[in-house]
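Letter by letter, the chains look like this.
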Amino acid sequence: MAGKLDGRVALVTGAGGGIGAASARRLAADGAQVVLADIDIRAAQTAAAGIPGAVALPVDLTQEASVKALTEAVIAQFGRIDVLHNNAAIQNDAQRQKDLDVVNLDLAAWDMAMAVNVRGALLMSRHVIPQMIAQGGGSIIHSASGFGVQGESTLTAYGSSKAALIQLNRMIATQYGKQNVRSNCMVIGFVLTPLAVETTPDVIKDILLSHHLTPQLGQPEDIANLVAFLAGDDSKFITGAAIPIDGGVTAHQPSYADFQKLFAAMGSTKL
Ligand SMILES: NC(=O)c1ccc[n+]([C@@H]2O[C@H](COP(=O)([O-])OP(=O)(O)OC[C@H]3O[C@@H](n4cnc5c(N)ncnc54)[C@H](O)[C@@H]3O)[C@@H](O)[C@H]2O)c1
């Protein structure tokens, strides 16, 4: 059976990790030739090993020369780039421990979040867009976060970088739409990546689930489903969108979970 992405070339950054690897697997399953890029080349190679025909390449998104080299290597090998999934983000333990509230955060963490999460996506986009225009179009997809649209008591730099990414998405969509380059942003909620499964205690999962409208928490494959949709022609009339993919967490009143508990105790939803 023909895949919806047959003949397309898809480049996924941060593909050594949970969502990026799932995205690459799904894009390949739909027929795309996928390139998995990551600063952690071993992780990218491991993820690529399970995907027929996939290629892993190194990139450091903080370095424009590295982004340029990656883009040139993909074009030299495959002749085109139809899909760019700007997925990488800096969110390892060392970064999280420095990315605190406004008064206490380490400015190095702010600079790093901006360098990878926003400037990195900008660099990838600016090196890939000319190729997309030359070949007649393409689809760019960004991994943003609910931290970019709602306040939180910590991860100030991460959240601010994701808010900037949501606006960068609109700028790209506006500037290159007439040349058939679409840009869309996924506003992702909590996802049970292998790392999250390992590091999130059940009590935290239960709190998070109480704020979801869905019966279950999100899986990397749920995000990959949206990537595949945004990558292909079924979404050709969608651009500049920031699409929540979070089990409804950002759809309801902040008091929802508390009311659910109250209603359960009362045995009624009557206020
Ligand atoms: N997992 C979640 O619950 C969740 C929620 C909301 C948004 N997101 C977003 O989805 C994306 C993927 O999340 P994940 O949990 O799979 O992340 P992850 O940490 O597993 O993967 C991110 C990848 O980015 C790579 N990376 C970091 N710095 C880099 C650099 N300078 N150059 C190139 N690559 C670099 C890392 O090596 C890593 O493989 C991220 O943008 C994240 O912010 C995730």
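Residues numbered from 1 in each chain as written. Predicted model: local features only at pLDDT ≥ 70, side-chain atom pairs only at ≥ 80, totals over all residues. Heavy atoms only, no water.

(A) Main features of the pattern of salt bridges. Under the definition given, this model contains 8 salt bridges. Of the charged contacts, one joins arginine 25 and glutamate 221 as a salt bridge, the two residues approaching to 3.3 Å between their closest N and O atoms. Highlighted residues: arginine 25 in helix H1 (residues 18–29) and glutamate 221 in helix H9 (residues 220–231), separated in sequence by 196 residues. The shortest N-O distance in the salt bridge between glutamate 64 and arginine 126 comes to 3.2 Å. Of this pair, glutamate 64 sits in helix H3 (residues 64–78) while arginine 126 is found in helix H5 (residues 107–135), placing the two residues 62 residues apart along the sequence. Accessibility expressed as a relative area gives 29% for glutamate 64, which makes it partly exposed. (Salt bridge = Lys/Arg side-chain N within 4 Å of Asp/Glu carboxyl O. Helix = DSSP H or I, 4+ residues; strand = E, 2+ residues; numbered from the N terminus. Buried < 20%, exposed > 50% of the residue type's maximum accessible area, 1.4 Å probe, protein only.)

(B) Structural view of the site of the ligand. As a structural note, the neighbourhood of the ligand is formed by 26 residues, with Asp38, Asn87, Gln91, Tyr158 and Val191 the closest of them. Take asparagine 87: an N or O atom from its main chain is 2.7 Å from an oxygen atom of the ligand. At 2.8 Å, a backbone N or O of valine 191 approaches an oxygen atom of the ligand. For the ligand, whose unbound accessible area comes to 830 Å², protein coverage reaches 87%. Those elements giving two or more residues to the shell around the ligand turn out to be H1, strand S5 (138–145) and helix H6 (156–176). A total of 3 residues in the shell around the ligand trace back to one element, the largest contributor, which is S5. By residue class, the composition of the shell around the ligand is 12 nonpolar, 10 polar and 4 charged. (Near = heavy atom within 4 Å. Polar contact = N/O pair within 3.5 Å; in protein donor to acceptor, adjacent residues only side chain to side chain. Areas by Shrake-Rupley, 256 points an atom, 1.4 Å probe, with all protein chains shown as cover. Nonpolar A, V, L, I, M, F, W, Y, C, P; charged D, E, K, R; others polar.)

(C) Region of the structure containing H3. A rise of 1.5 Å per residue sets the reference length of H3, with its 15 residues, at 21 Å; its end C-alpha atoms lie 21 Å apart and thus fit the reference within 8%. Along H3, the residues that are buried comprise Val67, Leu70, Thr71 and Val74. Burial along H3 is one-sided: seen end-on, the buried residues are contained in an arc of 95°. Residues of H3 that are exposed and point more than 90 degrees away from the buried face comprise Ala65 and Ala76. Here the buried face of H3 lies against strand S1 (9–13), strand S2 (33–38), strand S3 (55–58) and H5. Downstream of H3 by one or two residues, glycine 79 has phi in the positive range, about 85°. (Expected span 1.5 Å × (residues − 1). Arc of directions from axis to C-beta. Contact = heavy atoms within 4.5 Å.)

(D) Spatial organisation of the environment of glycine 151. Mapping glycine 151 onto the fold places it in the loop between S5 and H6. By relative accessible area, glycine 151 is classed as exposed at 75%. On a C-alpha basis, the gap between glycine 151 and alanine 94 in space is 22 Å, while along the polypeptide they are 57 residues apart.

(E) Focus on the packing of aromatic side chains. The final tally for this structure, using the stated rule, is 2 aromatic pairs. An angle of 70° between the planes, with centres 5.7 Å apart, marks the rings of phenylalanine 147 and tyrosine 158 as edge-to-face. You can see phenylalanine 147 sitting in the loop between S5 and H6 and its partner tyrosine 158 sitting in helix H6, a full 11 residues away along the chain. On the accessibility criterion, tyrosine 158 (13% relative accessible area) is buried. Between the aromatic rings of phenylalanine 259 and phenylalanine 263, the centroid separation amounts to 5.6 Å while the plane-to-plane angle is 25°, which identifies the pairing as stacked. Here the residue phenylalanine 259 and the residue phenylalanine 263 both occupy positions in helix H10 (residues 256–266), the gap between them amounting to 4 residues, near one helical turn. The exposure class assigned to phenylalanine 259 is partly exposed, which follows from its relative accessible area of 31%. Its relative accessible area of 15% is what places phenylalanine 263 among the buried residues. (Phe/Tyr/Trp six-rings, centres within 6.5 Å; stacked < 30°, edge-to-face > 60°.)

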